[in-house]
Amino acid sequence: QVQLAESGGGLVQAGGSLRLSCAASGRGFNTYSVMAWFRQAPGKEREFVAAISWSGGSTRYADSVKGRFTPSRDNAKNTVYLQMNSLKPEDTAVYYCAAGLYGLGTIQLGHVDYWGQGTQVTVSS
C-alpha cells in the first residue's frame, strides 16, 4: 500500500509562487513509475495538471499551466514537487498528488493507482 501526503498549499496573491510537495511512503512505491498532480476547483471536475516520469526526464503539462508550473522529483527522498509560478485566481483549487504504474499518457487520462488527500491552494486577485 502506498500513501501520498501533500503539503505546501496556502493563500497567495496573483502573480506569486508556491511549491507543493508530495511525500510517498509504503511498500511498493518504487514500482509506481509515474507521478502526477491534479486539481479540483469548487463545482468542477478534477483535472490533470502535470506529470513526471520516474527518471524525471519526461514531463507532461496541461495547456493551462505550461510555462508556469514545473514538476520535479527526488527519488532518494520519495518526494515529488510542483513549482507554481505566476499564479492566477483561476488556479485556485485543491491539488492532489497521484501515483501511477503506467506511462505519462495513461496517468494524464486519470488512470491513477493512488491519490493523496489534497492540499488547498487559493490565489487572490
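Quick note: structure is the one above.
Here's what I pulled together on the structure shown here. (Residues numbered from 1 in each chain as written. Predicted model: local features only at pLDDT ≥ 70, side-chain atom pairs only at ≥ 80, totals over all residues. Heavy atoms only, no water.)

The next subject is the overall build of the protein chain. Along the backbone of the protein chain there are 1 helix and 11 strands. Going from the N terminus to the C terminus, the protein chain shows its helices and strands as β-β-β-β-β-β-β-β-β-α-β-β. Compactness check: the protein chain gives a C-alpha radius of gyration of 13 Å against a globular reference of 14 Å for 125 residues, within 12% of the reference. With the C-alpha coordinates of the protein chain rotated into their principal frame, the extents come out at 40 × 25 × 25 Å. Every one of the 125 residues in the protein chain was classed for burial, and the buried ones make up 43%. The contacts in the protein chain between residues at least 6 apart in sequence include a share of 59% that link residues at least 24 apart. Counting every atom, the protein chain has about 6,300 Å² of accessible surface; 46% of that belongs to carbon and sulfur. (Helix = DSSP H or I, 4+ residues; strand = E, 2+ residues; numbered from the N terminus. Rg over C-alpha atoms; globule rule 2.2 N^0.38 Å. Buried < 20%, exposed > 50% of the residue type's maximum accessible area, 1.4 Å probe, protein only. Contact = heavy atoms within 4.5 Å. Areas by Shrake-Rupley, 256 points an atom, 1.4 Å probe, with all protein chains shown as cover.)

What the rule picks out here adds up to 4 salt bridges. Among the salt bridges present, the one from Glu47 reaches Arg39, with a minimum N-O distance of 2.6 Å. With a shortest N-O distance of 2.9 Å, Arg39 and Asp91 are connected by a salt bridge. Here Asp91 lies in the loop between strand E8 (79-84) and strand E9 (93-100) and Arg39 lies in strand E4 (residues 34-40), a separation of 52 residues in the sequence. Assessed through its relative accessible area of 1%, Asp91 is described here as buried. Each of Arg39, Glu47, Arg68 and Asp91 takes part in one network of salt bridges that share partners. (Salt bridge = Lys/Arg side-chain N within 4 Å of Asp/Glu carboxyl O.)

Moving on to the pairing of strand E11 (residues 119-124). In E11, alternate side chains face the same way, and those of Thr119, Val121 and Val123 are buried while those of Gln120, Thr122 and Ser124 on the opposite face are not. Sheet topology places strand E2 (residues 10-13) next to E11; 4 bridges connect them, and they run parallel. Residue pairing in the sheet places Val12 in a bridge with Val123 of E11. Bridge count for E9 against E11 is 3 bridges, and the pairing is antiparallel. Within E11, the position partnered with Ala93 by the bridge is Val121. (Pairing = 2+ DSSP bridges.)

Among the nonpolar cores identified, the biggest contains 37 residues, and Leu4, Met35, Leu82, Met84 and Tyr95 are the most heavily contacted of them. When residues of this core are traced back to their parent elements, those giving at least two are strand E3 (18-25), E4, strand E5 (47-52), E8, E9, helix H1 (104-108) and E11. Dropping the residues within four chain positions of it, Leu4 is found in contact with Cys22, Ala23, Ala24, Met35, Cys97, Ala98, Ala99, Tyr114, Trp115, Gly116 and Gln117. (Core = buried A, V, L, I, M, F, W, Y, C linked by side-chain atoms within 4.5 Å.)

Before going further, it helps to examine the environment of Val2. If you trace the backbone, Val2 turns up in the segment before strand E1 (3-7). On the accessibility criterion, Val2 (5% relative accessible area) is buried. Taking the C-alpha atoms as reference points, Val2 and Trp115, 113 residues apart in sequence, are found 9.0 Å from one another.

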